[in-house]
Amino acid sequence: MSDALISGFAGAGGGIIAQLITYPLQTVNTRQQTDRNSKKMKQTLGSIEQICQVVRQEGWDGLYGGLAPSLIGTAASQGVYYYFYQIFRNRAETDALERKKKGIGDGSVGMFSSLLVAALSGCVNVLLTNPIWVVVTRMQTHTRKDKDNHTKPVTSQDAISAVVEPPPYGTSYTIQEVYGEAGVWGFWNGVFPTLFMVSNPSIQFMLYETLLKKIRKRRASSNKGANDVTALEIFLLGAVAKLGATVITYPLLVIKSRLQAKQDVGGDKRHHYKGTLDAIVKILRYEGFHGFCKGMGTKIVQSVLAAAVLFMVKEELVRGARWLLTGRSATSVR
């Protein structure tokens, strides 16, 4: 089995485990991102309070809307991403060694090359898996009307009337709804900001690879061996890398979620976006810069935890797979 396939399968496995652990936070965060209320009307509920509110009003199912397609999407996204990442990475490493033979560089992949490799992998991933995430976003932002409306505080679900649909709202229904509204191209709503979002994993992997390289170099110089990187250290490196990437690119994630959520066609013009530029203008006009930061705290917790778990599990799966195939421990494939 090639390094690319090992990396792809390991990435898919790590992504599924991370998704299962952090999915309730992801659901709440998507609802926060699609909240069209102005800054003055915004709710002050924290993430835990919002999770409890969803459970009270919609049951536990409300926190796991779209879980099945999300797991499929996670497996597909991580598998595709890591597969192509390893292919592009191998190419970059080969080019670096060729340059070293010519007296250029030290034979290692530089920061810019790492960034380019991650960006190319991300673009391929986005173009192939965007339809899955359109369906997932619709299902995450769907809510059932609360029976006790007089006791229900005003939330983003009240503000977006188009999000509130009578059950059932399963995967097949959501697919039909998206197709009925915009045809096949409806499954690529939000693809442009999502393509720009490839800078998130690009920055993440650039930081991760740079930090990991420094640790291994330090271990090698101290005669401990370059392979002596623990699962806990991988966990922490993944968390730090994802934190930096999330803070930098979060506004793009808000725009993507707004475009992929069900639009309030024929209703309040503030709740209907015709495209990426229209979404940016309306968020600025009606919500201010605060609109681009809604749910950032929740996203930081969710994405950092998910990335840390993903990196840790993925590295362990790669080590295990290579041990089974070669009968010995080997440097993990990234």
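In the nomenclature of an unreviewed UniProt entry, the protein is known as Peroxisomal nicotinamide adenine dinucleotide carrier of Nicotiana tabacum. As recorded by UniProt, the Sequence similarities (unreviewed entry) comment attached to the protein reads in full: "Belongs to the mitochondrial carrier (TC 2.A.29) family." You can read under Subcellular location (unreviewed entry) in the UniProt record for the protein the words "Membrane".

## Remarks on a nonpolar patch on the surface
A grouping of Ile17, Ile21 and Leu305 is seen on the molecular surface, where their side chains present a nonpolar patch of about 240 Å² in accessible area. Tracing the chain through its elements places Leu305 in helix H11 (residues 296–326).

## Digging into the confidence of the model for the protein
On average, residues of the protein score 76 in pLDDT, and 83% of them reach the 70 mark or higher. Across the protein, the element-wise mean pLDDT spans from 42 in helix H5 (residues 156–159) up to 86 in helix H10 (residues 276–287). For the stretch residues 145–167, pLDDT sits under 50, and the model shows 42 contacts to residues farther than four places along the chain or on other chains. Per-residue pLDDT stays below 50 along residues 329–334; that stretch engages in 27 contacts with residues further than four places along the chain or on separate chains.

## Remarks on the nonpolar core
Generally speaking, a soluble globular protein has its nonpolar side chains buried in company with each other. Formed by 20 residues in total, the largest nonpolar core has its most connected members in Tyr85, Phe205, Tyr208, Leu212, Ile234 and Phe311. Counting residues per element, the ones that place at least two in this core are helix H3 (67–101), helix H4 (111–141), helix H8 (199–221), helix H9 (231–260) and H11. A total of five residues in this core trace back to one element, the largest contributor, which is H11. In this view, Ile234 contacts Tyr208, Leu212, Val229, Phe311, Met312 and Glu315; residues no more than four positions away in its chain are not counted. By size, the runner-up hydrophobic cluster in this structure holds six residues, among which are Tyr273, Ala279, Ile283 and Phe292.

Scoring rules and cut-offs
Residues numbered from 1 in each chain as written. Predicted model: local features only at pLDDT ≥ 70, side-chain atom pairs only at ≥ 80, totals over all residues. Heavy atoms only, no water. UniProt positions renumbered as here; feature names shortened; annotations may be inferred. Patch = residues over 30% accessible without salt bridge, like charges linked within 9 Å, V, L, I, M, F, W, Y side chains within 5 Å. Areas by Shrake-Rupley, 256 points an atom, 1.4 Å probe, with all protein chains shown as cover. Salt bridge = Lys/Arg side-chain N within 4 Å of Asp/Glu carboxyl O. Helix = DSSP H or I, 4+ residues; strand = E, 2+ residues; numbered from the N terminus. pLDDT = per-residue confidence, 0-100. Contact = heavy atoms within 4.5 Å. Core = buried A, V, L, I, M, F, W, Y, C linked by side-chain atoms within 4.5 Å. Buried < 20%, exposed > 50% of the residue type's maximum accessible area, 1.4 Å probe, protein only.

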